[in-house]
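Read off the chains here:
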Amino acid sequence: MKTFYSHAGNFKGREITPKLLRDHTFGVNQKALDQISPAAFGQDLSDFFSQIGLYHDLGKYTPHFQNYLLKSGGFNPKLKRHAMFGAFVLCQKFLQNGGSATETMIAFYIIRHHHADLSNFSDIKTLADEGGDEIEIFQQQLKSLANDVPQIAAEMGENSLPKWLSFPDERAFGNARKQFYKEERSIRHYFEINYLFSLLIEADKLDASETPVHRRNRLDSVAVGQFIANFKENELRNRVRRDVIGQLEKLDLEKTRLFTLTAPTGVGKTLTALDFALQLREKVPALGRGQIVYALPFINIIEQGFDVYKKVFKDKDAEIFAHYQYADVFGTGKPNHDPEAEERDYHQKSMALDTWQSDIVITSFVQLLHTLIGCRNKLLKKFNHFADSILILDEVQTLRLDLLPVVGAALYYLTRFLNTRVVLMTATKPEIMRLAFEKILSKEGFNLEDCLAEELLEDFENVFASYKRTKIVPLLDVDLGKDEVEQTFLDKIFAGKWSQDKSCLVVVNKVNRSIALFRALKNFVTEKGLPNPVYCLSTNIVPVHRLERIEKIREDLEAGRKPILVATQVVEAGVDLDFDMGFRDLGPIDSIVQVAGRINRQANPLAPEIEHKPLFVMDFKDCERIYGKITDWQARHALSRTTEFFESDYLKIVTAYFRETSDSGANYGKSIETFAAMKELRYSDLDEKFQVIEDSQHARSVFVLCDDRAHEVKAAFDRWQSRELGKEEFEKEFKKDFHQRIIAVPMWYTEHLDALSKDIKIAPSKKYDFETGYIRDQADSSGKHTFTLCL
C-alpha cells in the first residue's frame, strides 16, 4: 500500500506536517457540506458538491505530483498539474451516467479553476478536442497511476472509479457544453458557479492550512438595547429605532429581503441597523447560519464602525472581524508568547480573516462588491458567506452612479438565490433599486414591485422635515474671477460671513485648490492676529497623518479653540466632526448635503440651540472639470430655485437631483455590460468592466518618507523585495504602516521620483510638507483631484 499526500513541506511560507490525501479530500468535503445553506437556490446542493469535493484533487495521486510534493524524485512539470485530471474524470462520470449538461459543465469548470481565477467559460470550448495537449497530458497521467487505481478507488469510496478513468469523448463533451452554454444559460449559473466554487476553494484552503472553522455564535438580539441604555436618552434616536424595529412585526420576513433605511445624519443609523439585523436573525432562524456583514466606503469610518460594534458586544459571545486594506490579523485574541505558536497563529489568523471566520464582518465596499461581482480566487473564497447573511451597506450614495444598476441587480439576485437580506443605508436616498429595475431587471422579466426595497423608516420624510440644524445658502452670483481666486474668496465672501468665535469647514473640489486656499486662509488669520488654528486635509496627505489630524481637529473643537479646516471631499461622509459653519465649492447636490452634515452635527436636530447654521456654496469654477458638464449644470439649476434651503428641504432637493441626474445624463453602459458579462460567464471581462474605484491612468502610487517609521518600513520593504525578509514578517510587522504612507499623486508630479517598485514611486522627506502633504511643484496645477477609497 502506498501513502499519498495532499500537502507537505512549505505551505504559504510555513513548514507543515505532511497531510494524507484521503484525509484532505474528506476534510474539504466535510467543511464545505457543513457550510452549504439548505435554502440556497431552492434545492439541496450537497450531493452535487460532494462529487466536486471528492474529485477536485484526484490528479494529486499521480507519481508526478507526489514526487514534486515530497521532492522524492523526478517529475514532469506538465504532468504534475492536478486540477484538469480530476475535472476530466468527473466530467466523464457525469457523461456516462446521464448527468445534466449543467451539472457536467459546472463541475468540470469549478475543478479546473480551483487554484486559479475564474476565466471566460467559453475558454473550455476546445479542451476535449482530439489531438490537443490536454488529452496527451491526461493519458500520460492516467498511465502513471494505473497500478494504483484499486487503492485510489478504495480511498475515495468509489468502487466504479475505473469506469470513469478515460478522457471524455470530444463529441459528448462538446454537446454538453453547447447545451449548457447556448440553451440553459441563465444569471443563476453565475451565482451557482460562484457559490460552489467559493465553497470548494475556501474549504480547500482552510483544511490545507489547518485553520479552525468558526462555529457561529447565537448573537444576543438585545445587545444594542442594553448598550444604549447606558447613555443619555435621545428622544429622536429612540423613536427612529423603535419605528424601524417595529417593522419586524409588520413585514413578511421570509418574502421581504431588500430594505432601505433612509434617515438624516445624527439619528444613529449604525446602531439602529445593527439592532434590526440582530432581531431579524432571531425571528428568521435560517439567518442564524449566516453572518452580519457591515460594509462602508472609507477606511476611517470602517474603523469607527468597528469600534462601535466592539463596544456593543463587549463581554458577549461574538467574533467580530474588520477586513479591509489595513486590517491587522493580530487585532483580536489573547497574547501568546510561544514563537512557533505565533507563527502558526499568524497564518491561520490571516486565513481566518480572508475567509471571514467570524459572526460579524466590517469591511469595505471594495471587498464586498468585488467578491460579489468578480473572478478573483482570493476574493471569491468569501462568496459563500453571503448565504443566509444580512448585508448592511452604509453611505451607499458614495457609489458611482454608473455602477448602481448592476450593484442593485446583483444584490437583488443574492436575496433570491442565497436567502440573503440586504439593508441599504443613506441620508440622501439614491434610487439604486429603481435604476436596477429600469436598466437590468425589467429586461429579465421582473415587475417593479418585485424589485423595490422596503423602507424601514416609514416616516423618514417627516423626520427630515423636522430637522432645523443647518441651511444651504448659494452664493453662486459672486464672481471670484480668474486670478488670485482664493484671496478674492476671502475678501468677497469669507471675511463677511465668518467671525473668530466660529469653527469653520471649507470644502473644495481639487487638492491644489485646497493647498492654495489653506495658505491664503492661514495668512488671513495670522495677519489679523487671531488664535484660530487652521488645518488642511486631503488625499495629498498620507493616511496616517490624516487620522492624526482628524483627532487633533476634534480635540480643538471640543476645547472651544474654533479651528478652521480646509479640505477636499475626504470629509464628506462619515467623518465625525462638528463645525459652527461651512463653505462648499459647487459640486453634486448630495455632496453639498453631506458637508452640511458636518455642521451643527451634535445639536438636537428638532430643537437646536442655534437653528439653521449656514453652509455657503461658492463657485471656484472647478465643478465642471471634476464632475462634468451635466453635474455642473444640474447643481446650478437645483441651487438657483431659492436664496436658501433649510435642512427640512434637503431630502426633496436631493431626491429631485438624483432623479434628474439618473434620467437625463448618466451613462449606465458599464453596468449593462457588466451584467451581460456575469450572465454570459465572461469572468475575465469583469475585472475590466467592474471597478468600485476607477484606476486613474493619470495617478501614481507614491510612498512618502514622511517620518522615522517610514524609513524603517522602507528598509523592511527593500529587504522583503530582496528576499532577506519573509513575506509573513513584513505583513505582520510593516504592512499596515507601509500602506498608511502611500498616496495617489498625478503622474506629472512624479516623473522625477525614483521607483520603489514596479508600481510604486518613492518621495524623499523634502518632498513632503506636514501641513499640506506632498509638494506639487513639478508641473502645472491643472491636474484633477484624485479621491481614493479604501481597498
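What counts, and at which threshold
- In this numbering scheme, every chain counts its residues from 1 along its sequence in written order.
- Where totals are concerned, whole chains, interfaces and linings use all residues; where local detail is concerned, this predicted model gives features only for residues with pLDDT of at least 70, and gives and counts side-chain atom pairs only at 80 or more.
- Water and hydrogen atoms play no part in the side-chain values, which are based on all heavy atoms of the structure.
- Here, axes are lines fitted to C-alpha atoms. For helices the fit covers the stretch in contact, and angles between N-to-C directions go from 0 to 180 degrees.
- Each helix is a run of H or I in the DSSP string that is no shorter than four residues. Each strand is a run of E no shorter than two, and both are numbered from the N terminus.
- What sets the label is the angle itself: under 35 degrees gives roughly parallel, over 145 gives roughly antiparallel, 65 to 115 gives roughly perpendicular, and the rest give oblique.
- The sense of a crossing depends on the near helix, which, turned anticlockwise from the far helix by less than a right angle, makes the crossing left-handed and, turned clockwise, makes it right-handed.
- For this analysis, residues touch if any pair of their heavy atoms sits within 4.5 Å.
- Classification convention: Asp, Glu, Lys, Arg as charged; Ala, Val, Leu, Ile, Met, Phe, Trp, Tyr, Cys, Pro as nonpolar; all other residues, Gly among them, as polar.
- In short, DSSP must find at least two bridges between two strands for them to pair.
- The buried label goes to any residue with under 20% of its type's maximum accessible area, the exposed label to any with over 50%, and the partly exposed label to all in between, with areas taken from a 1.4 Å probe on protein chains only.
- All tallies of charge rest on Lys and Arg as positive and Asp and Glu as negative; His and the ends of each chain are not included.
- The working definition used for a salt bridge is a side-chain nitrogen of Lys or Arg within 4 Å of a carboxyl oxygen of Asp or Glu.
- In the analysis that follows, any N or O atom pair within 3.5 Å is treated as a polar contact, provided that within protein one partner can donate a hydrogen and the other can accept it, and provided that, for residues neighboring in sequence, both atoms belong to side chains.
- Paired rings are identified among Phe, Tyr and Trp, the last through its six-membered ring, by centres lying within 6.5 Å, and are further divided according to the angle between planes into stacked (under 30 degrees), edge-to-face (over 60) and tilted (the rest).
- Lysine NZ or arginine CZ positioned within 6 Å of the ring centre and within 35 degrees of the ring normal marks a charge as sitting over the ring.

Peer 1: Please set out the packing of helix α22 (residues 485-497) against helix α23 (residues 511-527) residue by residue, giving values where relevant.
Peer 2: Their axes nearest at 9 Å, the elements α22 and α23 cross at an angle of 55°. Relative to α23, the element α22 lies oblique. Of the two possible hands of crossing, α22 and α23 adopt the one that is right-handed. Here Val485, Glu486, Phe489, Leu490, Phe494 and Ala495 of α22 lie close against α23, whose contacting residues are Arg513, Ala516, Leu517, Ala520, Leu521 and Phe524. Partitioned by chemical class, the residues of the contact of α22 with α23 number 10 nonpolar, no polar and two charged.

Peer 1: Can you lay out the sheet that holds strand β20 (residues 760-763) for me, pointing to particular residues and giving the numbers?
Peer 2: Sheet architecture is open: four strands sit in the order β18-β17-β20-β19, paired in mixed fashion. In the strand order of this sheet, the two ends are held by β18 (742-746) and β19 (754-755), each with one partner. Where strand β17 (residues 699-704) lies against β20, four bridges are found, and the strand directions are parallel. Across the sheet, residue Val704 finds its bridge partner in β20, namely Ala763.

Peer 1: Describe the environment of Gly73, with residues and values.
Peer 2: With respect to the element layout, Gly73 can be found in the loop between α3 (63-70) and α4 (83-96). Accessibility expressed as a relative area gives 38% for Gly73, which makes it partly exposed. On a C-alpha basis, the gap between Gly73 and Pro63 in space is 9.0 Å, while along the polypeptide they are 10 residues apart.

Peer 1: Mind laying out the side chain of Arg257, listing which residues take part and the relevant values?
Peer 2: Relative to the helices and strands, Arg257 resides in the loop between α12 (235-250) and β3 (258-262). Buried Arg257, no salt bridge; nearest opposite-charge side chain is Glu254, N-O distance 4.5 Å. A distance of 3.3 Å separates the side chain of Arg257 from the side chain of Asn419, its partner in a polar contact. The contacts of Arg257, once residues within four sequence positions are left out, are Thr415, Arg416, Asn419, Thr420, Arg421 and Val422.

Peer 1: Break down unusual backbone geometry for me, with residues and values.
Peer 2: Of note in this structure, Phe41 is not a glycine but carries a positive phi near 60°. For Phe41, the location among the structural elements is in the loop between α1 (21-35) and α2 (46-55). Residues other than glycine seldom take positive phi values, yet Glu395 does so here, at roughly 55°. The residue Glu395 is located in the loop between β7 (390-393) and α18 (404-417) in this model.

Peer 1: Give me the pattern of salt bridges: which residues, what numbers.
Peer 2: Here the structure, examined in full by the defined rule, presents 50 salt bridges. A salt bridge links Arg22 to Glu155, with the nearest nitrogen and oxygen atoms 3.6 Å apart. Taken together, the positions of Arg22 in helix α1 and Glu155 in helix α7 (residues 149-156) put the pair 133 residues apart, joining distant regions of the chain. When its relative accessible area of 37% is taken as the criterion, Arg22 is described as partly exposed. Asp580 is the partner of Lys562 in a salt bridge, and the nearest nitrogen-oxygen pair spans 3.0 Å. Of the two residues, Lys562 is situated in the loop between α24 (543-558) and β13 (564-567) and Asp580 in the loop between β13 and β14 (581-585); the sequence distance between them amounts to 18 residues. What you see here is one network of salt bridges that share partners, running through Asp707, Arg709, Glu712, Asp737 and Arg741.

Peer 1: How would you sum up the packing of aromatic side chains? Please name residues and give values.
Peer 2: According to the stated counting rule, one finds 46 aromatic pairs in the structure shown. Relative to Tyr683, the ring of Tyr190 lies with its centre 5.6 Å away and its plane at 20°, an arrangement referred to as stacked. Remark: Tyr683 occurs in helix α30 (residues 683-689) and Tyr190 occurs in helix α10 (residues 187-209); sequence separation between them is 493 residues. Each member of the pair Tyr190 and Tyr683 is classed as buried. Directly above the aromatic system of Phe770 lies the positively charged group of Arg549, at a separation of 4.9 Å from the ring centroid. Over the ring of Tyr774 we find Lys767, and its NZ or CZ is 5.1 Å from the ring centre.

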